[in-house]
Amino acid sequence: MPGMRLFSYKMTTDSGFAPNPFGRSLTLATCKPQMRRSRKVGDWIAGFTSAELAGDPVGSERLIHLMRVGEKLHLRDYYCDTRFQGKIPDMSAGGAVATVGDNIYRPLRPDADIWSDFEPLGDIHHCIEADHRKDVSGRYVLIADEFYYFGSGALVLPPDVRPNVPRGQHPQGHRTPPERARRLVEFIRSKYRPGRHGDPHEWPASGRGRCV
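Described below are features of the structure shown in this document. Nothing here was measured: the structure is a model prediction, and the numbers come from that model.

## Points about the pairing of strand 1 (residues 6-10)
The buried fraction of strand 1 amounts to five of the five residues, a majority that puts the element mostly inside the structure. Where strand 1 meets strand 3 (residues 44-48), five bridges bridge the pair, whose relative direction is parallel. Pairing of Ser 8 across the sheet is with Ala 46, part of strand 3. The sheet contact formed by strand 1 and strand 8 (residues 174-176) spans three bridges and is antiparallel. Each residue of the ladder has a partner; that of Phe 7, found in strand 8, is Arg 175.

Below is the structure:
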């Protein structure tokens, strides 16, 4: 895996919303706008616990999810894509999964691009203008073609495969050297099948709508 690019960040909430590990794939459609703009197809992203989320101090963060970006889709196209209609939240449906959908921005015009071109759905924090602006500024949805989501069963990684984890919040993710990134991916692949291996920390969706 020459030149592998892996970026790590810390999550302050894990409600199944951002990222959303349900449906066809794990997706990151809201929050982390700089990461969503700057990451490329083929990049890996690793989300870790934080003191705020799980009481894990700096240096002891655990792996919540690992994803490879397989597709980068504009928000307006994400909303209209038939593959992701199941990620449009449905508050009337039974079960928590239906309420944490991240496909929450309906384009108001075919070339929707700025925050005022999108209508936020549902009674969630994105109805607040500042959050609406921040989310839409990310422009893109990152869609995994390979992912491992552990949620509340977040993993303690051996030191030799642990990537660079930022001490605090990092808007674009902290990059790990390619060789160590390769060791992490090979370690996870050797022990787990792709997919979801646990429920979010905040489940059922009590933390819905809050960002990482």
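The discussion continues.
## A look at the side chain of Arg 162
Inspection of the secondary structure assignment puts Arg 162 in the loop between strand 7 (140-149) and strand 8. Side chain to side chain, Arg 162 and Glu 61 meet in a polar contact 2.5 Å long. Other than its neighbours up to four places away in sequence, Arg 162 contacts Phe 48, Gly 59, Ser 60, Glu 61, Leu 157 and Arg 180.

## Some remarks on the environment of Glu 119
Relative to the helices and strands, Glu 119 resides in strand 6 (residues 118-120). Between the C-alpha atom of Glu 119 and that of Leu 108, which follows or precedes it by 11 residues, the distance is 6.8 Å. The residues touching Glu 119, leaving out its near neighbours within four places in the chain, are Ile 104, Tyr 105, Arg 106 and Leu 108. A polar side-chain atom of Glu 119 sits 2.6 Å from a polar atom in the side chain of Arg 106.

## What to know about helix 4 (residues 129-137)
Within the span of helix 4, buried status applies to His 132, Asp 135 and Val 136. In an axial view of helix 4, the angular spread of the buried residues amounts to 90°, which keeps them on one side of the axis. Buried residues along helix 4 sit against helix 1 (33-38), helix 3 (75-80), strand 5 (105-107) and strand 6. At the C-terminal side of helix 4, Arg 139 shows a positive phi close to 65°.

## A word on the packing of aromatic side chains
The final tally for this structure, using the stated rule, is three aromatic pairs. Aromatic pair Phe 150 and Tyr 192: ring centres 4.9 Å apart, planes at 70°, arrangement edge-to-face. With a gap of 42 residues between them, Phe 150 in the loop between strand 7 and strand 8 and Tyr 192 in the loop between helix 5 (178-191) and strand 9 (195-196) connect regions that are remote in the sequence. When its relative accessible area of 26% is taken as the criterion, Tyr 192 is described as partly exposed. Across the ring face of Phe 7, the terminal group of Arg 39 is positioned such that the distance to the ring centre comes to 3.5 Å. Above the ring of Tyr 140, the side-chain terminus of Lys 72 is found at 4.9 Å from the ring centroid.

## Overview of helix 5
Along its 14 residues, helix 5 runs 20 Å from first to last C-alpha, staying within 8% of the 20 Å computed at 1.5 Å per residue. Inspection of helix 5 places Ala 181, Leu 184, Val 185, Phe 187 and Ile 188 among the buried residues, and these make up the whole buried set. Along the axis of helix 5, the buried residues cluster in a sector spanning 160°; they form a single face. Residues of helix 5 that are buried in the fold lie against strand 1, strand 3, strand 4 (63-74), strand 7 and strand 8.

What counts and what doesn't
- Residues numbered from 1 in each chain as written.
- Predicted model: local features only at pLDDT ≥ 70, side-chain atom pairs only at ≥ 80, totals over all residues.
- Heavy atoms only, no water.
- Buried < 20%, exposed > 50% of the residue type's maximum accessible area, 1.4 Å probe, protein only.
- Helix = DSSP H or I, 4+ residues; strand = E, 2+ residues; numbered from the N terminus.
- Pairing = 2+ DSSP bridges.
- Polar contact = N/O pair within 3.5 Å; in protein donor to acceptor, adjacent residues only side chain to side chain.
- Contact = heavy atoms within 4.5 Å.
- Arc of directions from axis to C-beta.
- Phe/Tyr/Trp six-rings, centres within 6.5 Å; stacked < 30°, edge-to-face > 60°.
- Lys NZ or Arg CZ within 6 Å of the ring centre and 35° of its normal.
- Expected span 1.5 Å × (residues − 1).

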